[in-house]
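# Secondary and tertiary structure notes
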Amino acid sequence: MLNNALRVDDNVAEALYSHNRIVPTYTKSQITPIKNNYNGATPDAGYISGWNLTLEGLASGLSVHLNIRTLMNRFSAHEQITRFVCVEGWSAIAWWAGLRFDDLLRAYPPMSRAKWASVESSVNLDNSGSPDPYFVSIDLATARHPQTLLATHHDGQALTVEHGAPLRLLVPVKLGLKNVKAITRITYSEEEPRDYWARYGYSSYDGI
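Residues numbered from 1 in each chain as written. Predicted model: local features only at pLDDT ≥ 70, side-chain atom pairs only at ≥ 80, totals over all residues. Heavy atoms only, no water.

## Digging into the sheet that holds strand S6 (residues 134-139)
Taken together, five strands build an open sheet; the order of strands is S2-S1-S10-S5-S6 and the sheet is mixed. One side of each edge strand has no neighbouring strand; the edge strands of this open sheet are strand S2 (64-66) and S6. Neighbour-to-neighbour, the strand axes of this sheet turn through a mean angle of 20°, independent of strand direction. (Pairing = 2+ DSSP bridges. Helix = DSSP H or I, 4+ residues; strand = E, 2+ residues; numbered from the N terminus. Axes fitted to C-alpha atoms, helices over the stretch in contact; angles between N-to-C directions.)

What follows is the structure in structure tokens.
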């Protein structure tokens, strides 16, 4: 019954979503420290040298692999200072920069009926340091929001491992658990994909 109530709440939140709703932005003087909020151990930096982003579920029917240099050279960079809100109850004002998710969608369109993206990190670890792939569901309306970034920089510097190098999802209209670090794969689909925390009874929408 509680799960059904949570699903109704998610559906209402999704129905009320507006592309025109912009979360507040801040100045550099208002920036506050942000935690390393990996849900497990921080990965070793060794994965970065061979990193690429895989795109699947595209209109072309192809799988595309993009390295960080290609992403940074092809797409315009956008900066924003927004509040990151963690489900654990803390928040921080942080300065991010990167490409808009919407620009990636325009360059590599998803299949015609796609409504969702599964955003995954294969390098995520659990508390013991063992592989624990992390994955979240993002509706494409949220992905296209003008403040949704695929971030490459934090505080004017390239992302560190602690903050999700070399590419992380930044969705200011969602709780922090949706902001996947070290993204390795994005897959578009018609049906809502699995969500890491939804398995444990959390909302799958996680809107703010």
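Read on for the rest.
## Describing the packing of aromatic side chains
As enumerated under the stated definition, the model contains seven aromatic pairs in all. A centroid spacing of 4.8 Å and a plane angle of 35° characterise the contact between Tyr134 and Tyr196, whose relative ring orientation is tilted. Of this pair, Tyr134 sits in strand S6 while Tyr196 sits in the segment after strand S10 (185-189), placing them 62 residues apart in sequence. The two residues Tyr134 and Tyr196 agree in class, both being buried. For the ring pair Trp197 and Tyr200, a centre distance of 5.7 Å and an interplane angle of 55° mean the geometry is tilted. (Phe/Tyr/Trp six-rings, centres within 6.5 Å; stacked < 30°, edge-to-face > 60°. Buried < 20%, exposed > 50% of the residue type's maximum accessible area, 1.4 Å probe, protein only.)

## Re the pairing of strand S4 (residues 91-100)
Of all ten residues that make up S4, eight are buried, and the element is covered over most of its length. Bridge analysis of strand S3 (residues 78-85) against S4 gives eight bridges, and the strand direction is antiparallel. When the sheet's bridge partners are listed, Gln80 is paired in S4 with Trp96. Remark: five residues form the turn of the hairpin made by S3 and S4, two consecutive strands paired antiparallel; Gly89 in that turn has positive phi of roughly 110°. Note that S4 and strand S7 (residues 149-154) share five bridges and pair antiparallel. Considered in S7, the bridge of Gly98 is made with Ala151.

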